[in-house]
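Now for the letters of each chain:
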Amino acid sequence: MADQDSISARISANCPPETQQVLTAAWAHDVESVRKLLDAPGKASCQDPVTGETPLHAAIRACGAPSEDDTPEDLEAAKKTVYELLLWGGIWNDVDDHNETPGCLAHRLNRPELYRLCVEAGVRAEMLFGLLEGYEELSSGEEEEEDYVMMENGNGDVEDGDEAPELVNAGENGQSGAAEEELEVAEEEEEPKFQPPKTDAYADDVKSEAYLRSKLTYSDGKLVDDDGNGVMMAWETDIMRQSVDALLPGKEPGKRILNIGFGMGIIDTMFAETKPSVHHIIEAHPEVLEHLSTPESSFGSPWEASGPTPGAFKVYKGKWQEVCLQLLEKGQIYDAIYFDTFGEDYAQLRMFFTEFIPGLLDGKGIFGFFNGLGADRKICYDVYTEVSEMHLADAGLDVDWKEIGVDMGELAEAGKGEWEGVKRRYWTLDRYQLPTCTFLG
Ligand SMILES: C[S@@+](CC[C@H](N)C(=O)[O-])C[C@H]1O[C@@H](n2cnc3c(N)ncnc32)[C@H](O)[C@@H]1O
């Protein structure tokens, strides 16, 4: 992409002069000029109408890949520029016409210090959205036409210009009329852009309800819904194995285990092998429950009847949001709890560990979850790993992350290998951050 990363390729002939000035100053790492030019809200997040270049992209792209000609002063100037732009409301996750955020660009150019600044900005922004109780809906490209023209809040409402800098939409930043149209034209030609952070492949409340009504197909190492979304896939088996190892160190028999989300039963099969004294499963989808009750299933009524005491081995039918209330009322306590649902957003995971874990987990127990938040884009994944760590701490939980490799051989290309027959490649990373959570102190 070398030529495409040149200033002439990135600042188009159609770029309005005001935007051009900011982009040029950012490209030159001219912090003083950048500061002077950013005299109105939203200017730091202006975009070239054709290339989608923002000042953050420009400041990072100008560095290129590390070379012998680099001086420490160059890097310092770049860092100062990026920092200044972020301070003035530069948006960490705006995508350009190559579907790259400034952070994606910093990663591609092997500029870890600049990448780090973008991650920190993302964490700040997402923590703020969390406080405002509306997680940022990072546009998926499937449902919107104005992808990098505007940002949306969690309710799908366009933010207005009075919000915090990160919430200002680009369409209000001095780009109007023809410029916006060009952005939209550029967008239509592009692949889908950004996907929101999710506990799994897609999510929000309405989608969760729709998912729970959808028809599912178990086949050939995967479970997909009627829209072709991968609910669970066999390639995640190693992640499940390592999650069991983390939740049950030493694999002593007699542990009390709760698993939320049966899916393909991969983790439950592993849990069962450890000979627990209590093994509870919560599952809400009627077709998964039907699958569970077939004679071929290892978790049907014979399994339930084989528990050491009545009710010790049990599939709870229903949404965890309701079943967990019953479990709390009963005073049920577990040594290990795993959470891996589908079609729910991060707010649900956060609610689970904030409101339910304190009552359900033994003081010395271990909690884990499938960490698939934002896993279709490295920076999103890194931001959400840090955001969840902060929220876990708020909930009184300490988290230990174990980085494990993911073999991308069969996962590298959408529609091919493991992704054949699956609508969206929800995992694109060769590293998985496996969380092991215990109570603080
Ligand atoms: C990704 S799969 C779990 C895969 C599982 N870890 C395994 O090893 O096979 C997610 C499961 O969560 C279930 N689920 C989704 N929302 C739920 C909810 N609110 N309550 C309970 N189960 C839910 C889905 O029906 C699906 O079976």
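A short tour of the structure in this document, coming up. (Residues numbered from 1 in each chain as written. Predicted model: local features only at pLDDT ≥ 70, side-chain atom pairs only at ≥ 80, totals over all residues. Heavy atoms only, no water.)

1. Here we look at empty space enclosed by the protein
Any space left empty among the atoms is revealed by the rolling of a water-sized probe across them.
Step number 1: According to the stated counting rule, one finds four cavities of 30 Å³ or more in the structure shown.
Step number 2: If you add up the space inside the largest cavity, you get close to 350 Å³.
Step number 3: Residue lining of the largest cavity: 31 residues in total, with Gly-261, Glu-283, Asp-340, Thr-341 and Phe-342 positioned closest to the centre.
Step number 4: Breaking the lining of the largest cavity down by element, the ones donating at least two residues are helix H9 (205–213), strand S3 (230–233), strand S4 (256–260), helix H11 (266–273), strand S5 (278–283) and helix H14 (320–330).
Step number 5: Top contributing element to the lining of the largest cavity by residue count: H9, with three residues.
Step number 6: For the lining of the largest cavity, the class distribution of residues is 17 nonpolar, nine polar and five charged. (1 Å grid on protein atoms, 1.4 Å probe; cavity = no way out; pocket = protein on both sides within 12 Å on 5 of 7 lines; lining within 4 Å. Points joined across faces, edges and corners; volume = space filled by probe spheres on them. Helix = DSSP H or I, 4+ residues; strand = E, 2+ residues; numbered from the N terminus. Nonpolar A, V, L, I, M, F, W, Y, C, P; charged D, E, K, R; others polar.)

2. Observations concerning H11
Step number 1: Within the span of H11, buried status applies to Ile-266, Ile-267, Asp-268, Met-270 and Phe-271.
Step number 2: Positive backbone phi, at 55°, marks Lys-275, one or two positions downstream of H11. (Buried < 20%, exposed > 50% of the residue type's maximum accessible area, 1.4 Å probe, protein only.)

3. Notes on the packing of H14 against helix H15 (residues 346–360)
The axes of two packed helices give the description: the angle between them and the distance between them.
Step number 1: Contact geometry of H14 with H15 gives a least axis separation of 10 Å together with a crossing angle of 10°. With respect to each other, H14 and H15 are oriented roughly parallel. Here Trp-320, Gln-321, Cys-324, Leu-325, Leu-327 and Leu-328 of H14 lie close against H15, whose contacting residues are Gln-348, Met-351, Phe-352, Phe-356, Gly-359 and Leu-360.
Step number 2: Grouping the amino acids of the contact of H14 with H15 by side-chain chemistry returns nine nonpolar, three polar and no charged. (Axes fitted to C-alpha atoms, helices over the stretch in contact; angles between N-to-C directions. Parallel < 35°, antiparallel > 145°, perpendicular 65-115°, else oblique. Contact = heavy atoms within 4.5 Å.)

4. Some remarks on the site of the ligand
Step number 1: Surveying the vicinity of the ligand reveals 24 residues, the closest of which are Tyr-211, Gly-263, Ile-267, Glu-283 and Asp-340.
Step number 2: Residue Ile-266 places a main-chain N or O atom 3.2 Å away from an oxygen atom belonging to the ligand.
Step number 3: Note that a nitrogen atom of the ligand is positioned 2.9 Å from one of the side-chain N or O atoms of Asp-340.
Step number 4: When the ligand sits alone it has 610 Å² of accessible area, and the protein chains cover 100% of it.
Step number 5: Counting atoms within 2 Å of the grid points, the majority share of the ligand lands in the largest cavity. (Near = heavy atom within 4 Å. Polar contact = N/O pair within 3.5 Å; in protein donor to acceptor, adjacent residues only side chain to side chain. Areas by Shrake-Rupley, 256 points an atom, 1.4 Å probe, with all protein chains shown as cover. Sits in = over half its atoms within 2 Å of the grid points.)

5. Description of the pairing of S4
Step number 1: Among the five residues of S4, four are classified as buried, and the element is accordingly described as predominantly covered.
Step number 2: In this sheet, S5 lies alongside S4 in parallel orientation, the contact comprising five bridges. Within S5, the residue paired with Arg-256 across the bridge is Val-278.
Step number 3: Handedness of the crossover joining S4 and S5 through H11 is recorded here as right-handed.
Step number 4: As defined by bridge partners, S4 adjoins strand S7 (residues 334–339) across four bridges and the pair is classed as parallel. Its bridge partner being in S7, Ile-257 is matched across the sheet by Ala-336. (Pairing = 2+ DSSP bridges. Right-handed = clockwise from strand over helix to strand, strands pointing away.)

Any functional reading would require information beyond the geometric quantities listed.
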